[in-house]
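# Descriptive analysis of the structure
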Amino acid sequence: MPKYQELEREASEVNGQIETLNVENIFDRDLIRELRESLEIESTPDSQDLGNLYREAGIVLPDLARRRVEEVERFHDIIIENRHSHLSREIKSAENRIADRDRRKSELDQRRGQLMGILESGGALEHYTRLREELARIEAEAETLRQRRSVVDHLDTMKTELDLERARLVQTLRDDVHEREQVAREIILAFEALSQSLYERAGSLTISATQNGPQFDVHISADRSKGITNMQIFCFDIMLAEICTRHCRWPGFLIHDSHLFDGVDERQVAKALQLGAQRATSGGFQYIVTMNSDSVPTEGFTDGFNIWDHVVEPRLTDATETGGLFGLRFN
C-alpha cells in the first residue's frame, strides 16, 4: 500500500501540473485575442477633415500650420509603428509560452497514463479518482483566489502610480500657469474690460490649476440667470478672439448663434452686438452672428451705430416661394 500511496501522490501532482498549464494557456490565449484586436483597431488619425474644413471655409491654411500638421502625422505614424511592433512581439511571446506548455503537457500526460495503468491494475483507481476530483476542485478555488489577489495588487499599484503622476502633472500645470502669468493677466484684464462695457461693474475671471486641468471661473456681478450666464460666455469668447488675434493662433473669425442671446434683455443684446462689432473692427477679426430679423433689437444702440449696416448678403427669407437655403425651405 505505501507504494500505491506514493503513486497516487505523484499522479495527483501530475494532474495538478496539467491543470495549471491549461489555466495558464487560457490566460495567454485571451491575451493573444486582445492583442490582435488592438492591432486591428490601431490606425493613424486622419487630418484630412481639418484641411477640408479650411478649404470649405475659403481659408488658406498657413504654411507653418500645415508644417505642424505634417509633423504631427509623422509623429503618429512612428507611434503606430512602434505600437504594432510591440504588440506583435507580445503575441509571439504568448504563442511561444503556449507551445512550451503544450510540450510539457504532452510529457506529463504520458507519465499520467503510466501511473493510471499501474493504479488500475492494483485496484486503487476508484480511490485515486475521488482524491483527484477533490484536489482539482481545491486547486481551482486556490487559483481563482490567486488571480483575484493578483488583480487587487495590480490595481493598488496602478492607483499609487496614478496618484503620483497626477500630483506631478498638477505641479507642472501650476508651474506653467505661473510662467504664463503675464499672458493670464492680459486675459483677465481683457475680460474685465468687456464685462464692464456691458454692465456697470466689471466681471472677474480667475485661472487656477486643479487635478482635472486648468480651470477658468468667470463671474459678472448681476442677477443670476440664464441671460447673465450667456453674457459671461459672450465676454469670454470675445476676449479669446482678441487675445488669439494678437498672437496669430486662430482662423480669424468668431461665430455666435442667436441662442446665445436667449433670456437676455433687449438693451443688453444691443450693447453686445455693438460691442462685438466694435471689437472685431479694432481687433482685426470677423464677428458673425446668425439672428432672425424680428429678433434684432430696436433700442439700446448708441447714436451713430446702425446695426443694419452690418448685415451681409445673402439675406434668407421665407416671405416668397423662392426664399430658402440651398434650395430648401424650412417650415
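Counting from 1, residues in each chain are numbered in the order their sequence is written. In keeping with the predicted nature of the model, local features appear solely for residues at pLDDT of at least 70, side-chain atom pairs appear and are counted solely at 80 or more, and the whole-chain, interface and lining totals rest on all residues. Hydrogen atoms and water are omitted, and side-chain values are computed over all heavy atoms in the structure.

### Topic: the overall build of the protein
A run of H or I in DSSP counts as a helix once it spans at least four residues, and a run of E counts as a strand once it spans at least two, with each numbered from the N terminus. When helices and strands are tallied, the protein shows 7 helices and 4 strands. Secondary structure elements of the protein occur, N-terminal to C-terminal, as α-α-α-α-α-β-β-α-β-α-β. Exposure classes here rest on a 1.4 Å probe applied to the protein chains alone. A residue is buried below 20% of its type maximum, exposed above 50%, and partly exposed in between. Evaluated residue by residue, the protein yields a buried proportion of 24% over its 331 residues. The contact criterion used is simple: two residues touch if any of their non-hydrogen atoms lie within 4.5 Å. Look at the contacts in the protein between residues 6 or more apart in sequence, and 71% of them connect residues 24 or more apart. The accessible surface values rely on the Shrake-Rupley method and a 1.4 Å probe; as for residues, cover is taken only from the protein chains in view. Looking at the protein as shown, the accessible area adds up to about 23100 Å², and 52% of this sits on carbon and sulfur atoms.

### So, the pattern of salt bridges
When a carboxyl oxygen of Asp or Glu lies within 4 Å of a side-chain nitrogen of Lys or Arg, that pair is called a salt bridge. Going through the model one piece at a time under the given rule, you end up with 15 salt bridges. Across the salt bridge formed by Glu24 and Arg101, the nearest N and O atoms sit 3.0 Å from each other. Of the two residues, Glu24 sits in helix H1 (residues 2-41) while Arg101 sits in helix H3 (residues 63-121), which places them 77 residues apart along the sequence. A residue is classified by how much of its surface remains accessible, and Glu24, at 31% relative accessible area, is partly exposed. Several salt bridges share partner residues, and in doing so they unite Glu24, Asp28, Arg97 and Arg101 into one network.

### A short note on the packing of aromatic side chains
For this analysis, a ring pair means two rings from Phe, Tyr or Trp (six-membered ring only for Trp) whose centres lie within 6.5 Å, classed as stacked if their planes differ by under 30 degrees, edge-to-face if by over 60, and tilted for the remaining angles. Tallied over the full model, the rule gives 3 aromatic pairs. Geometrically, the ring pair formed by Phe234 and Phe261 is tilted, given 6.4 Å between the ring centres and 55 degrees between the ring planes. Linking Phe234 in helix H6 (residues 226-247) with Phe261 in the loop between strand E3 (253-257) and helix H7 (266-283), this pair joins segments that are 27 residues apart in sequence. Taking relative accessible area as the criterion, Phe234 reaches 0% and is therefore assigned buried.

### Structural notes on the confidence of the model for the protein
pLDDT measures the predictor's confidence residue by residue and takes values from 0 up to 100. The pLDDT averaged across the protein works out to 78; a share of 78% of its residues lies at or above 70. At the low end of the mean pLDDT range in the protein sits helix H2 (residues 48-56), at 55; at the high end sits E3, at 91.

### Thoughts on the pairing of strand E4 (residues 286-290)
Across 5 bridges, the pairing between E3 and E4 is parallel. Bridged to Phe253 within E4 is Gln286. When the strands point away from the viewer and the path from the first strand over the helix to the second turns clockwise, the crossover is right-handed. Taken together, E3, H7 and E4 form a β-α-β motif whose crossover is right-handed. By definition, two strands form a pair when at least two bridges between them are found by DSSP.

### A closer look at helix H5 (residues 181-198)
Owing to its 3.6 residues per turn, the α-helix brings residues three or four apart onto one side. Here H5 contains 18 residues, and its C-alpha end-to-end distance of 26 Å stays within 8% of the 26 Å for a straight helix at 1.5 Å per residue. Within the span of H5, buried status applies to Ala184, Ile187, Ala190, Phe191, Leu194, Ser195 and Leu198. Buried residues along H5 cover an arc of 125 degrees about the axis, so they all sit on one side. In this structure, H5 carries Gln182 and Arg185 as exposed residues pointing more than 90 degrees from its buried face. Helix span, as expected, comes to 1.5 Å for every residue beyond the first. The directions from the helix axis to the C-beta atoms form the arc being described.

### Topic: the environment of Arg174
By secondary structure assignment, the location of Arg174 is in helix H4 (residues 125-179). Assessed through its relative accessible area of 47%, Arg174 is described here as partly exposed. Residues Arg174 and Gly213, 39 residues apart in the sequence, show an inter-C-alpha distance of 9.7 Å.

### Some thoughts on the nonpolar core
Only buried Ala, Val, Leu, Ile, Met, Phe, Trp, Tyr and Cys residues count toward a nonpolar core, and they belong to the same one when joined by side-chain atoms within 4.5 Å. Of all hydrophobic cores here, the largest spans 33 residues; its most connected members are Leu198, Met231, Phe234, Cys235, Met239, Phe261 and Tyr287. Contributions of two or more residues to this core are made by H5, H6 and H7. Sort the elements by how many residues they give to this core and H6 lands first, with 8 residues. In this structure Phe261 touches Asn230, Met231, Phe234, Val269, Ala272, Leu273, Tyr287, Val289 and Met291, once residues within four positions along its chain are discounted. Ranked by size, the runner-up nonpolar core spans 7 residues in total, among them Ala11, Ile18, Leu21 and Leu108.

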